[in-house]
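Chains, contacts and geometry: an overview
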Amino acid sequence: MTVYLVGAGPGDPGLITVRGAEVLGRADVVVYDRLADPRLLELAPPGAERVDVGKRPGGPVDQDSINALLVERGRTGATIVRLKGGDPFVFGRGGEEAAALLAASVPFEVVPGVSAAVAVPAYAGIPVTHRGVSASLTVVTGHSRNDPDPEPDWELLARTGGTLVVMMGVAHRDLVSARLMEGGLARDTPVAAVMWGTRTEQRTVRTTLGELAGADVEPPATLVIGAVAALDLSWYERRPLLGRRVVVTRTAEQAGELSGRLTEAGAEVVEVPTLTIADPSDAGAGLATAARRLARFDWVVLTSANAVERLFSHLHDARDLGSARVAAVGPATAAVLARHGVRADLVARRSSGAALADEIPDPPGSVLLARAEVADPALPEKLAGRGFEVEEVAAYRTAPLPVPARLVERAEAADAVTFASGSAVDAYLAAGARVRPHQRVVCIGPVTAEAARRAGLEVAAVAERAGLDALVDAVVAAVASKP
C-alpha cells in the first residue's frame, strides 16, 4: 500500500540493492523507464502489471503524466514500484515524483540506487577519488541548457579541482570543454567518456579536454574529467565475452547457472528454453518401484542431474541405497548427488554414457540405469555386452516448448549458441530457430556435438572437459576469432 521510488542502478541488473529487489518481488504494478534493465522486471511477480513510461511512438511519456499515474495507482492501495535508472534523486526527477505523491497524501518510500556517477567510472577502472590524485568529486549535468535549471558555472567548476563527472553531457561536450578551458583547465586534462556504462555494450574512449569535442563519443555516456581519468584499472572491459551475445538453450530450471557464468565472463545472455522436464510416460511408476529395490543392485547409474533429482524424490535418504555403488556420468551429476549426501563411487573421466560403460569395473553385476525416457542406447548395450544385468527405468522425459518469435529473433542475432544435450539441438531447430552463418555452435560434449552435426550444424567448439566452466571456456575460444 505504498509507492516505492526505486533506483535500478546504471544498467547492470546485479547492481540493484537488496531493498530494491525485495519491494520488486511483491509489487502489484511496476512503472519503469528505458534506463531500467528489462531483466529486473523478472524480479516482479508474474502477475504484476508492467507499465512502460519510457518508450512510446511519440517519445517518452512526459513527467507530469508519470506523476499523475503514480498518484492514481497509489490511491488504489496496491503496491506500486516506480523503477528508475540510477538513483531516483540524482538527476532522476524522483524529487518531482515524491513531491507529487506528498501533495496528494499518497504514502511513498525512496529506495536509493547506485548512481551512474560513481558506478560507471568504477566499471571503466577509474576511481573517482584517489589518494594523491583527487580528493573531491563534483557531479553535474551537461543537459540543462533547455531545462528550467540554471546552466552550471563551468568556469567555477574548472577552478574547483578534483574530479568532475558530467552526466548527459555528450550533446554539449563542445560547449563543456570550451567553457572549462576558459575557466583555466589545461587542454591536456585527461578525459574518459564511458558509453553504455555497466552494460555489455560498454566502451570507454580516453581523450583530453582539448580533443573531447571531436572524440568518437555517442550517448548515453558519462564523462570523467580530471587527473583520475588517466588511471586505467580496467577490469570490466577485459572480460573475454564483453559485447558478445550468447544463447543458452537449457531448460528454464537449469539455465541459471550457465547464464550466470557467461554473464560473469561479460556476455549478454539470451535464454531460449526449448525443453521442459516432465514425468515419463508411466507417470514415474517404474522409477518409484525401482527406488524401493535399490539395495538389491550392485550399481545405480545416473546420467544427469535430472535423473538424480527424480530418483531422490522417491527416497527417504541415502540409506535407501544400501550397499549399491553409485556411478555418475560426469562431475555435474556427481555434484547434485553430493547435495543429497552421496559421494559417487565412480565419476566418468569423459562425460558420456559410452565412457561410463567402459569404466565400471568388473566383475559384472546388476545395474539400475535411471535416465531420460529417450536416450542413447550405447550405455546399456555396452554394459550388457560386458555381462552386466541391466534394468533401465525412465526417470523423466523432455518435452518441447514453443519459443516466442521475438526470442527467436534475438537468438538469431547472437554470436554463439550453446547446447548441453542432443534433445536441446532438436528442440531448438524444431522451434523454428535457425543457426545463422555468423554464429558459433558450442557443445558441452562429444555426444551433443555429434547430435548437432547430424542436424546439419557446423560445430565450432566442444568443451574439452566436463562441467559448465569448460563450456564457458569453449564459448570464449569459439568467439575469439569472430570479427
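Before reading further, recall that the structure is shown in the block above.
Below is a short write-up of the structure. Because the structure is a prediction, the values reported are computed rather than measured.

Within the protein, the regular secondary structure consists of 16 helices and 21 strands. Put simply, 67% of the contacts in the protein that link residues at least 6 apart link residues at least 24 apart. As displayed, the protein has an accessible area near 22,300 Å², and 52% of this comes from carbon and sulfur atoms.

This part is about helix H3 (residues 94–103). Three or more residues of H3 are buried, namely Gly94, Glu97, Ala98 and Leu101. On an axial view of H3, the arc spanned by its buried residues comes to 100 degrees, and they lie on one face. Among the structural elements, strand E1 (3–7), helix H2 (63–74), strand E4 (80–84) and strand E5 (108–111) are those in contact with the buried residues of H3.

A word on the nonpolar core. Here is a general trend for soluble globular proteins: nonpolar side chains tend to be buried in one another's company. Counting residues in each nonpolar core, the largest one holds 28 residues, and the members touching the most others are Leu294, Val300, Leu302, Leu311, Phe312, Leu321 and Leu337. Contributing elements (two or more residues each) for this core: helix H8 (285–291), strand E14 (299–302), helix H9 (305–312), strand E15 (325–328), helix H10 (331–339), strand E17 (366–372) and strand E18 (389–400). The element that contributes the greatest number of residues to this core is H9, accounting for four residues. With residues up to four places along the chain from it excluded, the contact list for Leu321 reads Leu294, Ala295, Val300, Phe312, Val326 and Val342. Core analysis: the next-biggest nonpolar cluster, separate from the first, contains 22 residues, Ala411, Ala424, Cys443 and Ala449 among them.

A word on the packing of aromatic side chains. Scanning all chains against the criterion turns up four aromatic pairs. Arranged with centres 5.6 Å apart and planes meeting at 75 degrees, the rings of Trp235 and Tyr236 form a pair that is edge-to-face. Tyr236 gets classed as buried once you look at its relative accessible area, which sits at 2%. Here a set of aromatic residues connected by ring pairs shows up, and it is made of Tyr123, Trp235 and Tyr236.

Here the focus is the pairing of strand E20 (residues 440–443). Inspection of the sheet shows strand E19 (residues 416–419) paired to E20 by four bridges, in the parallel sense. Bridging across to E20, Val417 finds its partner in Val441. The β-α-β motif built from E19, the intervening helix H14 (residues 422–430) and the parallel element E20 has right-handed crossover chirality. Alignment of E20 against strand E21 (residues 459–462), held across three bridges, turns out to be parallel.

Of note, the amide linkage connecting Pro219 to Pro220 takes the cis form, showing an omega dihedral of 0 degrees. Following the sequence through the fold, Pro220 ends up in the loop between strand E9 (203–208) and strand E10 (221–225). For the bond running from Asp362 to Pro363, omega is 0 degrees, close enough to zero to count as cis. Counting through the fold element by element, Pro363 comes out in the loop between helix H11 (353–359) and E17. Phi angles above zero are rare outside glycine, and Ser105 is one such case at about 60 degrees. Relative to the elements of secondary structure, Ser105 occurs in the loop between H3 and E5. Among the residues examined, Ser105 registers a relative accessible area of 66% and is labelled exposed.

Taken together, Val90, Phe91, Val118, Leu137, Val139 and Met168 make up a surface patch of nonpolar side chains, about 430 Å² in accessible area. Tracing the backbone through its elements, the reader meets Val139 in strand E6 (residues 137–141). We classify Val139 as partly exposed; its relative accessible area is 33%.

Turning our attention to the sheet that holds strand E11 (residues 245–248). What the five strands build is an open sheet, ordered E12-E11-E19-E20-E21; its pairing is parallel. Of all the strands in the sheet, just strand E12 (268–271) and E21 have a single pairing partner and so form its edges. The sheet shows a mean angle of 25 degrees between the axes of neighbouring strands, direction not considered. Strand direction decides the pairing type here: E11 and E19, joined by three bridges, are parallel. Following the sheet pairing, Val246 is matched in E19 by Ala416. The sheet strands contacting helix H13 (residues 405–412) are E11 and E12, and the helix crosses E12 at an angle near 140 degrees.

Taken as a whole, this structure holds 26 salt bridges when the rule is applied. Here Glu268 makes a salt bridge to Arg245, at a shortest N to O gap of 3.5 Å. Of the two residues, Glu268 is situated in strand E12 and Arg245 in strand E11; the sequence distance between them amounts to 23 residues. The partner of Arg434 in a salt bridge is Glu412, with the nearest N and O atoms 3.6 Å apart. Here the residue Arg434 occupies a position in the loop between H14 and E20, and Glu412 occupies one in helix H13, the gap between them amounting to 22 residues. For Arg434, a relative accessible area of 48% puts it in the partly exposed group. Salt bridges sharing partners connect three or more residues here, namely Arg19, Glu22, Arg26 and Glu109.

Glancing now at the environment of Ala455. Assignment of secondary structure puts Ala455 in the loop between helix H15 (446–454) and E21. Note on Ala455: relative accessible area 32%, which makes it partly exposed. Placed 28 residues apart in sequence, Ala455 and Ala427 show a C-alpha to C-alpha distance of 11 Å. Ignoring any residue separated from it by four or fewer positions in sequence, one finds Ala455 in contact with Val425 and Leu429.

Conventions adopted
- Along each chain, numbering runs from 1 in the same order as the chain's sequence is written.
- Residues qualify for local features only when their pLDDT is at least 70, as the model is predicted, and side-chain atom pairs are given and counted only at 80 or more; totals for whole chains, interfaces and linings, by contrast, use all residues.
- The side-chain quantities take in all heavy atoms of the structure and omit both hydrogens and water.
- Under the scheme used here, helices are H or I runs from DSSP no shorter than 4 residues and strands are E runs no shorter than 2 residues, and both carry numbers assigned from the N terminus.
- Contact between two residues is taken to exist if any of their heavy atoms lie within 4.5 Å; hydrogens are not considered.
- Here the Shrake-Rupley method, with its probe set to 1.4 Å, supplies the accessible areas, and only the displayed protein chains count as covering residues.
- Per-residue accessibility, obtained with a 1.4 Å probe over protein chains only, is compared with the maximum for each type, and a residue is labelled buried under 20%, exposed over 50%, and partly exposed between these values.
- Think of it as the arc spanned by the lines of direction from the helix axis to the C-beta atoms.
- The term nonpolar core refers to a set of buried residues drawn from Ala, Val, Leu, Ile, Met, Phe, Trp, Tyr and Cys, joined through side-chain atoms within 4.5 Å.
- The rule is short: rings of Phe, Tyr and Trp, with Trp giving its six-membered ring, pair when the centres are within 6.5 Å, and they are stacked under 30 degrees, edge-to-face over 60, tilted in between.
- Only when DSSP finds a minimum of two bridges between them are two strands counted as paired.
- Whether a crossover is right-handed comes down to one check: with the strands pointing away from the viewer, does the path from the first strand over the helix to the second run clockwise; if it does, it is right-handed.
- Distance thresholds for patches are 9 Å for like charges and 5 Å for nonpolar side chains (Val, Leu, Ile, Met, Phe, Trp, Tyr), applied to residues having over 30% relative accessible area and no salt bridge.
- Take a side-chain nitrogen of Lys or Arg and a carboxyl oxygen of Asp or Glu: if they are within 4 Å of each other, that pair is a salt bridge.
- Only the contacting stretch of a helix is used when fitting its axis, a line to C-alpha atoms as for every element, and angles between N-to-C directions run 0 to 180 degrees.

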